[in-house]
Amino acid sequence: MSKLTFARAINAGLRKSLENDPKVVLMGEDIGALGGVFRVTDGLQKDFGKHRVIDSPLAESGIIGTAVGLAYRGYRPVCEIQFDGFIYPAFDQIVSQVAKMHYRTQGRVRMPITIRVPFGGGIGSPEHHSESPEAYFTHTSGLRVVAVSNPQDAYTMIQQAIASDDPVLYFEPKRRYHDKGDVDETIDLSTALPLDKAAVVSAGSDVTLVAYGPLVKTAKDAAMAAADDGISVEVIDLRSLAPIDYPVVEASVRKTGRLVITHEAGQSGGLGAEIAASITERCFHYLESAPVRITGFDVPYPYSKLEMHHLPDLDRILDGVDRALGRPNSLSGLEG
Amino acid sequence: MLTDQAGKGVHHDTPGPGHSAQNPLRTGGNLLQLVSPEGERISHPEFDVWVKDVGDEQLCSLYEDMTVIRRIDAEATALQRQGELALWPPLLGQEASQIGSSRSLRDDEFVFPSYRESGVAYVRGAHLSEIARVWRGNASYGWDPQRINLATPQIIIGSQSLHATGYAMGVQLDGANTAVLAYFGDGATSEGDVNEAMVFAASYQAPVVFFCQNNHWAISEPVRVQSHVQLADRPTGFGIPSMRVDGNDVLAVMAATRVALDRARKGGGPTFIEAVTYRMGPHTTADDPTRYRDPIELEDWAAKDPILRLRKLLEAKGLLTEDVEARVTAKADAVAAELRSNCIEMPDPQPLDVFNHVYSTPNSWIERQKDHYSRYLNSFNQPVEKGAL
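Residues numbered from 1 in each chain as written. Chains lettered and ligands numbered in written order. Predicted model: local features only at pLDDT ≥ 70, side-chain atom pairs only at ≥ 80, totals over all residues. Heavy atoms only, no water.

Visitor: Tell me about the overall build of chain B, residues and numbers included.
Guide: Secondary structure assignment for chain B yields 14 helices and 7 strands. Taking 389 residues into account, the globule formula puts the C-alpha radius of gyration at 21 Å, and chain B, at 23 Å, falls close to it. Across its three principal directions, the C-alpha atoms of chain B cover 85 × 50 × 40 Å. Taken across its 389 residues, chain B has 56% of its residues classed as buried. (Helix = DSSP H or I, 4+ residues; strand = E, 2+ residues; numbered from the N terminus. Rg over C-alpha atoms; globule rule 2.2 N^0.38 Å. Buried < 20%, exposed > 50% of the residue type's maximum accessible area, 1.4 Å probe, protein only.)

Visitor: Now, about the overall build of chain A: what can you tell me, with residues and values included?
Guide: Across its full length, chain A holds 12 helices and 14 strands. Scaling as 2.2 N^0.38, a compact globule of 336 residues should have a C-alpha radius of gyration of about 20 Å, and chain A matches this with 20 Å. Referenced to the eigenvectors of the C-alpha coordinate spread, the extents of chain A come out at roughly 60 × 40 × 40 Å. Within chain A, the fraction of its 336 residues that count as buried is 61%. Partitioning the intrachain contacts of chain A with sequence separation of at least 6 by distance along the chain shows that 81% fall at a separation of at least 24. Split by element, the accessible area of chain A, about 12,600 Å² in all, is 52% carbon and sulfur. With 34 positive and 43 negative side-chain charges, chain A shows a separation of 6 Å between the mean positions of the two kinds. (Contact = heavy atoms within 4.5 Å. Areas by Shrake-Rupley, 256 points an atom, 1.4 Å probe, with all protein chains shown as cover. Lys, Arg positive; Asp, Glu negative; His and termini not counted. Charge placed at Lys NZ, Arg CZ, Asp CG, Glu CD.)

Visitor: Describe a nonpolar patch on the surface, naming the residues involved and giving the relevant values.
Guide: Together, Tyr373, Tyr376 and Phe380 of chain B give the surface a local cluster of nonpolar side chains, amounting to about 340 Å² of exposed area. Take Tyr376 of chain B: it is sitting in helix 14 (residues 364–379). (Patch = residues over 30% accessible without salt bridge, like charges linked within 9 Å, V, L, I, M, F, W, Y side chains within 5 Å. Salt bridge = Lys/Arg side-chain N within 4 Å of Asp/Glu carboxyl O.)

Visitor: Give me the lowdown on the sheet that holds strand 4 (residues 76–80) of chain A, citing residues and values where you can.
Guide: Pairing between sheet strands relies on hydrogen bonds along the backbone, with the strands arranged either parallel or antiparallel. All names here are of chain A. The 7 strands lie next to each other as 3-2-4-5-7-6-12, forming an open sheet whose pairing is mixed. The open sheet has two free edges, formed respectively by strand 3 (53–55) and strand 12 (240–242), since each of these has just one partner strand. Sheet twist, expressed as the mean angle between neighbouring strand axes with direction ignored, is 20 degrees. With 3 bridges connecting them, strand 2 (residues 24–28) and strand 3 associate as parallel partners. From the neighbouring strand, Met27 faces strand 3, where its bridge partner is Ile54. The sheet strands contacting helix 3 (residues 60–72) are strand 2, strand 4 and strand 5 (114–119), and the helix crosses strand 4 at an angle near 170 degrees. (Pairing = 2+ DSSP bridges. Axes fitted to C-alpha atoms, helices over the stretch in contact; angles between N-to-C directions.)

Visitor: Describe the nonpolar core, listing the residues and the values that go with them.
Guide: Ranked by internal contacts, the top residues of the largest apolar core, which has 79 residues, are Tyr72, Leu169 and Ile275 of chain A together with Phe210 of chain B. Ranked by the residues each element gives to this core, the list is headed by helix 3 of chain A, at 7 residues. With sequence-adjacent residues up to four places away left out, Leu169 of chain A is seen in contact with Ile87, Ile94, Ile115, Val117, Phe137, Leu143, Arg144, Val145 and Val146 of chain A. The next biggest cluster of nonpolar side chains, apart from the first, holds 69 residues, and it includes Leu105, Ile131, Ile148 and Val253 of chain B. (Core = buried A, V, L, I, M, F, W, Y, C linked by side-chain atoms within 4.5 Å.)

Visitor: Give a description of the interface of chain A and chain B that names residues and reports values.
Guide: At the junction of the two partners, chain A supplies 49 residues and chain B supplies 44 residues. Between chain A and chain B, a total of about 3,800 Å² is buried, with carbon and sulfur atoms accounting for 55% of that surface. Taken as a group, Tyr72, Arg73 and Tyr103 of chain A account for 19% of the area that chain A buries against chain B, more than any other trio of residues on that side. Remark: the boundary between chain A and chain B carries 26 residue pairs in polar contact (both at pLDDT 80 or more). (Buried area = accessible area lost by both parts, 1.4 Å probe. Polar contact = N/O pair within 3.5 Å; in protein donor to acceptor, adjacent residues only side chain to side chain.)

Visitor: Outline the pattern of salt bridges, supporting the account with residue identities and numerical values.
Guide: A side chain of one charge can pair with a side chain of the opposite charge if their charged atoms are brought near each other. Residues and elements named next belong to chain A. A full pass over the atoms with the stated rule returns 41 salt bridges over all chains. As a salt-bridge pair, Arg15 and Asp47 come within 2.9 Å of each other at their nearest N and O atoms. On the criterion of sequence distance, the pair formed by Arg15 in helix 1 (residues 6–20) and Asp47 in helix 2 (residues 44–48) is long-range, its members being 32 residues apart. By relative accessible area, which is 24% here, Arg15 ends up partly exposed.

Visitor: Please give an account of the side chain of Asp305 of chain B that cites residues and values.
Guide: All names here are of chain B. Structurally, Asp305 is set in the loop between helix 11 (295–302) and helix 12 (306–316). Polar contacts involving the side chain of Asp305 include one to the main-chain amide nitrogen of Ile307, which spans 2.7 Å. The contacts of Asp305, once residues within four sequence positions are left out, are Arg70 and Met280.

Visitor: So, the sheet that holds strand 6 (residues 242–246) of chain B: which residues are in play, and what are the values?
Guide: Residue and element names in this part refer to chain B. Pairing within the open sheet is parallel, and its 5 strands lie in the order 1-2-3-7-6. Whereas interior strands pair on both sides, the edge strands pair on one side only; in this sheet they are strand 1 (110–112) and strand 6. Each strand axis lies, on average, 20 degrees off the axis of its neighbour in the sheet, ignoring direction. Pairing of strand 2 (residues 180–185) with strand 3 (residues 208–214) involves 6 bridges; the strand directions are parallel. By the bridge assignment, Leu181 is partnered in strand 3 with Val209. Most of the contacts of helix 6 (residues 159–174) go to strand 2, to which it runs at about 170 degrees, and overall it touches strand 1, strand 2 and strand 3.

Visitor: Which residues make up the confidence of the model for chain B, and what values do they have?
Guide: With 92% of its residues at a pLDDT of 70 or more, chain B shows a mean pLDDT of 91. Here residues 1–24 of chain B is a poorly scored stretch, pLDDT under 50, and it has 53 contacts once near neighbours within four places are set aside; other chains count. (pLDDT = per-residue confidence, 0-100.)

Visitor: How would you sum up the packing of helix 4 (residues 128–136) of chain B against helix 13 (residues 322–344) of chain B? Please name residues and give values.
Guide: All names here are of chain B. Between helix 4 and helix 13, whose axes approach to 9 Å, the crossing angle comes to 50 degrees. Taken together, the axis directions place helix 4 and helix 13 in an arrangement best described as oblique. The interaxial crossing formed by helix 4 with helix 13 has right-handed handedness. Touching Leu128, Ser129, Ala132 and Arg136 of helix 4 are Val335, Glu338, Leu339, Asn342, Cys343 and Ile344, all from helix 13. For the contact of helix 4 with helix 13, the residue count by class is 6 nonpolar, 2 polar and 2 charged. (Parallel < 35°, antiparallel > 145°, perpendicular 65-115°, else oblique. Left-handed = near helix turned anticlockwise from the far one by under 90°. Nonpolar A, V, L, I, M, F, W, Y, C, P; charged D, E, K, R; others polar.)

Set out below in structure tokens:
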């Protein structure tokens with residue numbers, strides 16, 4: 001067991017994958033000598049060579065499109081998109097090509113491509129550097145989408161993503177890159193929690209709180225604060241955003257009867273809407289109140305002096321918990 | 001090495017800035033031609049050597065392939081008109097470009113086509129049913145890409161140029177001496193992906209050949225809306241040598257493609273070929289070119305018909321015997337009949353097939369939807385009690 005930052009944990013996972021499989025190649029802007037703008041690929045080009053850790057031209061569609069060709073040739077490319085807001089030029093290759101190739105060829109061509117995306121806000125960046133584009137990709141069949149929330153998962157899930165024969169979008173919460181945590185580097189991938197499973201990260205009985213990526217830590221902090229008020233919050237780390245592990249959420253909601261979902265992305269058409277609808281369909285008779293969403297606003301990601309208002313924080317989440325429980329809250333007295 | 005060389009009977013469709021001195025492959029603003037529209041063999045000091053093995057028998061066989069794919073095209077168009085195919089993208093007029101280029105490839109070389117390369121698919125060994133089923137709507141892919149080293153047809157314009165480049169980067173990583181060929185049209189050269197593909201290919205010196213069939217029309221947009229320079233001039237700015245070849249001259253296409261493939265195999269990097277040809281039919285069977293195209297332009301190009309040109313050459317050489325004619329016609333008839341029967345007899349897919357192959361591993365969302373839809377379908381088989389609502 002070692003204590004690693006989030007970024008080092010991903011680095012260690014990438015290193016392990018490069019060591020274990022000669023078909024794994026890394027591609028992205030500035031990932032070589034610089035080691036990536038967040039240093040996630042630090043030292044890998046030095047140790048594995050320029051042919052395995054490829055500094056690519058500044059062309060996101062090119063990075064993903066050439067990865068499609070490499071996958072055709074039997075490689076397992078791991079692409080880095082430098083920032084969430086830069087993924088849009090690659091959107092066509094991801095949703096039209098990467099996602100559909102397996103279906104289009106009726107299973108004859110596989111796309112074992114991993115696309116790493118630092119996502120989310122909270123680091124005081126200018127625009128295009130703090131987005132949460134995950135819902136665009138969870139809406140596209142053929143892609144697996146995961147968001148990691150702690151160094152151990154970061155280490156394990158990057159290797160699982162690379163080993164997956166399906167394409168995986170791997171969202172990294174950039175404001176957690178420097179958080180440290182225990183990482184068991186000897187973990188057996190075949191017995192580790194599978195890539196598409198959710199985890200109950202703190203048990204509770206009054207309300208289910210669903211989070212992923214950067215907000216898992218906030219949700220856990222909120223659960224601890226709620227406990228001081230005698231409220232027992234069960235926190236679920238989704239881990240997989242497509243597919244979502246509904247049985248785990250369902251089991252929790254059947255127990256608690258209440259559901260709060262939180263994410264940084266804007267509310268409309270977001271994952272919170274999907275989870276609220278699906279859980280309502282599956283657990284209608286167990287629900288004591290309507291599901292509550294605590295999310296970013298439906299605005300472009302704001303400039304950094306305002307981002308703390310946009311991002312759900314501990315108090316907004318607790319206010320949502322109060323709404324789910326019918327306790328006095330900021331919307332008390334408001335109809336509808 | 002190869003230098004720019006003007007052929008005879010050159011067709012200047014757009015004025016070009018001339019050849020680039022830094023680029024040994026550049027054929028200048030002129031088309032490389034080895035056979036004139038009148039069917040005369042034009043000798044060329046640099047390119048002749050690349051087709052010197054193409055003897056009488058091979059010329060007849062090129063003629064056969066071109067005739068057969070024209071027949072496939074006509075039959076498929078008829079099948080569409082009869083409601084048997086949902087759509088068909090005709091390649092009428094582009095036979096020399098497709099046959100000349102695809103017959104230059106080795107079997108082990110991988111090809112990334114667009115949706116119009118049915119002639120290439122035929123040459124690579126795709127079954128006729130595999131060519132038809134995409135357009136019938138029975139599948140979204142035709143052939144097994146690994147079986148014939150031909151990627152599945154690509155409808156998003158220019159997307160495959162990046163796939164070809166990535167594949168070529170993989171070839172490089174493998175240390176293999178094979179080339180990769182990407183087909184796209186004139187319209188695709190406006191797409192970001194084609195330009196990004198050229199950046200990547202040049203940066204890594206990837207063994208890829210970009211084969212652009214300039215058929216002059218991107219649906220209704222003429223090539224002059226796509227480019228102010230000749231398309232073959234564009235790659236020079238990326239550091240990629242190019243050739244401008246008469247795409248209706250199967251020998252010239254073959255020579256140019258062989259030069260480019262050879263270069264790629266030997267580690268010389270990417271090459272761009274602009275095959276100047278003409279789409280004599282509509283973009284697809286859903287299109288009406290009379291709304292945007294001057295009929296005189298079509299007449300001009302009909303006179304440069306690639307099959308007619310090869311016929312004239314064969315006639316001049318005394319090769320077009322009754323036997324050859326009969327054999328080629330019989331082959332075209334047989335292929336057309338087979339295409340028709342394959343198409344009409346093709347079984348429909350099963351309803352639950354809609355859920356298959358989205359992922360290589362199970363996905364809980366899709367499995368649930370498949371289960372629910374299966375129950376729904378099965379509900380039609382349940383007996384309904386009398387008086388039940």
